[in-house]
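Coordinate inspection notes
Residue-level listing of the chains:
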Amino acid sequence: MKIKSQRDFVSGIMLIVIGLAFAIGATNYSFGSNIRPGPGYFPFGLGIILAILGGVVFFRSLRSGPENGDPIGRMPWRALFCVVGSIVFFGFCLPRLGFIISFPIMIVFTSMAGQEFTWRDALLNAVILTVMSYLIFIAGLSLNIPLWPAFL
Amino acid sequence: MDLFHNLYIGFQTALTFANLWYAFMGCVLGTLIGVLPGLGPIATIAMLLPTMYSLQPTSALIMLAGIYYGAQYGGSTTAILINVPGEASSVVTALDGYQMARKGRAGTALATSALGSFFAGTVGTLVVAAFAPALTSLAFEFGAPEYFALMFLGLIGAVVLASGSLVKALAMVVLGLLLGQINTDVQTAVPRFSFNIPELMDGINFVVIAMGVFSFGEIIANLGKSAEHREVFVKKVTGLWPTKKDFKDASPAAVRGTLLGCLLGVLPGAGPMLASFTSYAVEKKLSKHPEEFGKGAIQGVAAPEAANNAGAQTSFIPMLTLGIPTSAVMALMIGAMTIMGIQPGPTVMTSNPTLFWGLICSMWVGNFMLVILNLPLIGIWVKLLTVPYRFLFPAIMAFCAIGVYTLSNNTFDVYCAAAFAVFGFLTHKFGFEAAPLILGFILGPMMEENLRRALLMARGDWSVFVTRPISAVMLLLALVMMIVIALPSISKKRQEAFVDEE
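**Observations concerning the overall build of chain B**
Each helix and strand in chain B was counted, giving 24 helices and 2 strands. Its C-alpha radius of gyration of 22 Å places chain B within 12% of the 23 Å reference for a compact globule of 502 residues. Principal-axis analysis of the C-alpha atoms gives chain B an extent of 65 × 55 × 55 Å. Long-range pairs, those at least 24 residues apart, make up 78% of the contacts in chain B between residues at least 6 apart in sequence. Surface exposure of chain B reaches about 18,900 Å², of which carbon and sulfur atoms provide 67%. A gap of 9 Å separates the mean positions of the 27 positive and 26 negative side-chain charges of chain B.

**Here we look at the pattern of salt bridges**
Here the structure, examined in full by the defined rule, presents 5 salt bridges over all chains. One salt bridge in this structure joins Asp-121 of chain A and Arg-120 of chain A, with 3.3 Å as the shortest N-O distance. Where Arg-453 of chain B meets Glu-449 of chain B, a salt bridge forms, and the shortest distance between an N and an O atom there is 2.6 Å. Linking Arg-453 of chain B with Glu-449 of chain B, this pair stays in helix H21 (residues 435–457), spanning 4 residues, or about one helical turn. When its relative accessible area of 43% is taken as the criterion, Arg-453 of chain B is described as partly exposed.

**Concerning the nonpolar core**
Where a protein is soluble and globular, its nonpolar side chains tend to be buried together. One finds Val-83 of chain A together with Ile-209 and Phe-316 of chain B to be the most contacted residues of the largest nonpolar core, which totals 176 residues. Taken domain by domain, this core gets at least three of its residues from each of domain 1 (6–61) and domain 2 (77–140) of chain A. Apart from residues no more than four positions distant in its own chain, Val-83 of chain A is found in contact with Ala-113 of chain A together with Phe-216, Ile-219, Ile-220, Leu-223 and Met-397 of chain B. Formed by 25 residues, the second largest nonpolar core is a distinct cluster that contains Val-35, Ala-106, Ala-310 and Ile-378 of chain B.

**Focus on the packing of helix H4 (residues 99–111) of chain A against helix H19 (residues 389–408) of chain B**
Geometry of a packed helix pair, given as the angle between the helix axes and the separation of the axes. For the pair H4 of chain A and H19 of chain B, the least separation of the axes is 9 Å and the interaxial angle reads 140 degrees. Comparing their axes, H19 of chain B and H4 of chain A come out oblique. In the packing of H4 of chain A onto H19 of chain B, the handedness of the crossing is right-handed. Each of Phe-99, Phe-103, Met-106, Ile-107, Thr-110 and Ser-111 of chain A in H4 of chain A lies in contact with H19 of chain B, whose residues at this interface are Phe-393, Pro-394, Met-397, Ala-398, Ala-401 and Ile-402 of chain B. Of the residues assigned to the contact of H4 of chain A with H19 of chain B, the class counts are 10 nonpolar, 2 polar and no charged.

**What about the state of the cysteines?**
Across all of its chains, the model carries 0 disulfides over all chains by this definition. In this model Cys-82 of chain A remains outside any disulfide bridge; the closest cysteine sulfur is found in Cys-93 of chain A, 15 Å from its own. The class of Cys-82 of chain A is buried, set by a relative accessible area of 6%. Sulfur of Cys-361 of chain B: no disulfide; nearest cysteine sulfur belongs to Cys-27 of chain B and is 15 Å away.

**Describing helix H13 (residues 299–314) of chain B**
An ideal rise of 1.5 Å per residue puts 22 Å on 16 residues; H13 of chain B measures up with 22 Å between its terminal C-alpha atoms. Counted residue by residue, H13 of chain B has 16 buried out of 16 residues, so it is predominantly covered.

**Observations concerning the layout of surface pockets**
Empty space among the atoms becomes visible once a probe the size of a water molecule is rolled across them. Residues and elements named next belong to chain B. Volume-wise, the second largest pocket comes out at about 1,100 Å³. Lining the second largest pocket are 45 residues, with Phe-206, Ala-331, Ile-334, Gly-335 and Thr-338 positioned closest to its centre. Listing elements by their share of the lining of the second largest pocket, those giving two or more residues are helix H7 (144–161), strand E1 (183–184), helix H10 (206–224), helix H15 (328–339), H19 and H21. Ranked by the residues each element gives to the lining of the second largest pocket, the list is headed by H21, at 8 residues. Of the residues belonging to the lining of the second largest pocket, the class tally is 26 nonpolar, 14 polar and 5 charged.

**Section: the side chain of Ser-133 of chain A**
Relative to the helices and strands, Ser-133 of chain A resides in helix H5 (residues 119–140). With relative accessibility at 1%, the residue Ser-133 of chain A sits in the buried group. Here Leu-129 of chain A takes part through its backbone oxygen, which lies 2.7 Å from a polar atom of the side chain of Ser-133 of chain A. Excluding residues within four positions of it along the chain, Ser-133 of chain A makes contact with Phe-99, Phe-103 and Ile-138 of chain A together with Phe-399 and Ile-402 of chain B.

**Comments concerning the environment of Phe-44 of chain A**
All names here are of chain A. Considering the arrangement of structural elements, one finds Phe-44 in helix H2 (residues 41–61). Residue class for Phe-44 comes out partly exposed when judged on its relative accessible area of 30%. A sequence separation of 30 residues divides Phe-44 from Met-14, and the C-alpha atoms of the two residues are 17 Å apart. Excluding residues that lie within four positions of it along the chain, Phe-44 makes contacts with Ala-23, Ala-26, Thr-27 and Phe-31.

**Description of the interface of chain A and chain B**
Each partner contributes residues to the interface: chain A has 66 residues there, and chain B has 66 residues. Here chain A packs against chain B, burying approximately 5,700 Å² in sum over the two surfaces, 79% of which is carbon and sulfur. Interface area lost by chain A to chain B is led by Phe-22, Phe-42 and Ile-87 of chain A, which between them contribute 12%. At the junction of chain A and chain B, the tally comes to 1 salt bridge.

**Quick word on helix H5 (residues 91–102) of chain B**
What sets the pattern is the α-helix's 3.6 residues per turn: residues three or four places apart point alike. Residues and elements named next belong to chain B. With 12 residues, H5 should cover 16 Å at 1.5 Å per step; its first-to-last C-alpha distance of 17 Å lies within 8% of that length. For H5, a buried count of 9 out of 12 residues is recorded, marking the element as mostly surrounded by other parts of the structure. When H5 is considered as a whole, its buried residues turn out to be Val-91, Val-92, Thr-93, Ala-94, Asp-96, Gly-97, Tyr-98, Met-100 and Ala-101. Just past H5, the residue Gly-104 takes up positive phi, approximately 80 degrees.

**Observations concerning the packing of helix H4 (residues 57–82) of chain B against H13 of chain B**
All names here are of chain B. At their nearest, the axes of H4 and H13 sit 10 Å apart, and the two run at 160 degrees to each other. Considered as vectors, H4 and H13 are oriented roughly antiparallel to each other. H4 and H13 meet at a crossing whose hand is right-handed. Contact residues: Tyr-68, Tyr-69, Gln-72, Tyr-73, Ser-76 and Ile-80 in H4; Val-301, Glu-305, Asn-308, Asn-309, Ala-312 and Gln-313 in H13. Here the residues of the contact of H4 with H13 sort into 6 nonpolar, 5 polar and 1 charged.

**Observations regarding the domain arrangement of chain A**
Entries for chain A in the domain assignment read domain 1 (6–61) and domain 2 (77–140). The C-alpha-based centres of domain 1 of chain A and domain 2 of chain A are spaced at 39 Å.

**Remarks on the environment of Cys-262 of chain B**
Residue and element names in this part refer to chain B. Looking at the element boundaries, Cys-262 is found in helix H11 (residues 244–265). Placed 129 residues apart in sequence, Cys-262 and Phe-391 show a C-alpha to C-alpha distance of 39 Å. Sequence-distant contacts of Cys-262, defined by excluding residues within four places in its chain, comprise Val-123, Gly-124, Val-127, Ala-310 and Thr-314.

Conventions used here
- Residues numbered from 1 in each chain as written.
- Chains lettered and ligands numbered in written order.
- Predicted model: local features only at pLDDT ≥ 70, side-chain atom pairs only at ≥ 80, totals over all residues.
- Heavy atoms only, no water.
- Helix = DSSP H or I, 4+ residues; strand = E, 2+ residues; numbered from the N terminus.
- Rg over C-alpha atoms; globule rule 2.2 N^0.38 Å.
- Contact = heavy atoms within 4.5 Å.
- Areas by Shrake-Rupley, 256 points an atom, 1.4 Å probe, with all protein chains shown as cover.
- Lys, Arg positive; Asp, Glu negative; His and termini not counted.
- Charge placed at Lys NZ, Arg CZ, Asp CG, Glu CD.
- Salt bridge = Lys/Arg side-chain N within 4 Å of Asp/Glu carboxyl O.
- Buried < 20%, exposed > 50% of the residue type's maximum accessible area, 1.4 Å probe, protein only.
- Core = buried A, V, L, I, M, F, W, Y, C linked by side-chain atoms within 4.5 Å.
- Domains from an automatic or database assignment.
- Axes fitted to C-alpha atoms, helices over the stretch in contact; angles between N-to-C directions.
- Parallel < 35°, antiparallel > 145°, perpendicular 65-115°, else oblique.
- Left-handed = near helix turned anticlockwise from the far one by under 90°.
- Nonpolar A, V, L, I, M, F, W, Y, C, P; charged D, E, K, R; others polar.
- Disulfide = S-S within 2.5 Å.
- Expected span 1.5 Å × (residues − 1).
- 1 Å grid on protein atoms, 1.4 Å probe; cavity = no way out; pocket = protein on both sides within 12 Å on 5 of 7 lines; lining within 4 Å.
- Points joined across faces, edges and corners; volume = space filled by probe spheres on them.
- Polar contact = N/O pair within 3.5 Å; in protein donor to acceptor, adjacent residues only side chain to side chain.
- Buried area = accessible area lost by both parts, 1.4 Å probe.

What follows is the structure, encoded as structure tokens:
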């Protein structure tokens, strides 16, 4: 088997899996009938359609273009880790440590995702953004955000 | 005359001090986020949503609308000055606008864009005011099959406009519809696909998806690319006022763009964007010097800018008359209405006339403010463009994280957004476009409900969608769109149109 587009090959398989997963999941709910469609009717149909579309993407990846073309390419692991990690960190720490502590740490953590990271800029940015966000969201818009650690 | 009476009510509402202030705030914020990359109107409105409870519904909607069209103005500014379209609908503006800027005519391009948009906004406002009542009465004729067909048309519109492969765009729409199925079934109260997680039983908030995919996912993708330089070509914008010849060249184009925009903007899905693409193509066809397009033709700025602004106005029509969100921003506006206890739909006009007409008139007021904000004060926005990305992306991340958290003061939403960040990055990587996904997700539950209701009504007969005239026309339109796009000559053109975007 010769793969012509790596990106389509992988994404086609993913779509087929997701579509089938939804379709199979939908069988847990009553399908109903055309006259009285149940909760499983719409998701089952959609799941099948998605799987078919995934199939089209998949088979086309075997046909068009030069061999082994359209590679997936290098994954930016560092950016992926820092960005996703800092969001999860923020979600986890905000209710526990409060805004004043978790927010600046999150910004420094996020900044590490960039290729031009320097501690000076990141810390400066963290201070500015924390003060700004405090003024806008907490002092100005009085949003309900925990400020200080929960154990204090 | 009714129209004048209605406009009178509207201006009375829009011109109160408080509402002028909110319109102004909305426009400033909108321009700001339109100029800054990565922070779109969706994220901004989502962040402000929790603060809306304390406002008058009319003021809140006026401000949200201001953010929406303010972002469009700001998006055109970046399109012209640095060849980075801030919003999808200003993609075409970048083609000729940036070339004009390179030739030292940045001021003229900006002024053409602002004045064209203002003219279009004025006409668009009048069109909305004149036709919304008529369409509202039509809306009462709409049954479940018509709603379903209209939403189907909207989804096809979004697919047709997505860049890249059609099959991939269709897959994204279907995936969006499926994600919308994670909820509790309205008719039988069965929780679906929720794995006993209480937060999932209410469905995922679409803001979580939008922020995850568009803000976070895009940041990862951007950082993955080799360091890109945002070159600000123009340090100081001079020569704002267009010459007589410019006026003569640009005016007819702006008028045609406005007409097209008013017409196409009503289409659910991607009205303003469709309008700007089409009007650019039309100008190129009509021009005696088509070879100038892409090299700084003033018509290539005037027409699409007028079209997308007119389209932005008339895209309020389906939202105001039918209660159907035609884009993520409209979905947020509907969300804001619901928060404040107003049921969106054809009854808004009669039950809340001051809100309805106040909002429409404030659009004109807002457009006027935007001309002032964008022309004399252009220097401030240019300064903003020079902020390096390493300072910008943590700021975008930070604001979005706060926005997601404050949606319902729930960390589950934050984790969900993190998951969608990974997903958004993968869609980028695999060459899928995320916009159709969001629209599918928003329309999913409504489509299902109307499909089921339509089938129930027709006793399981699918032909109900083609035997009822309004629904048949809409499905036919969707079919025509698909066929036209699939034609070889057009699909080649379509690729050309998207080439600059990728």
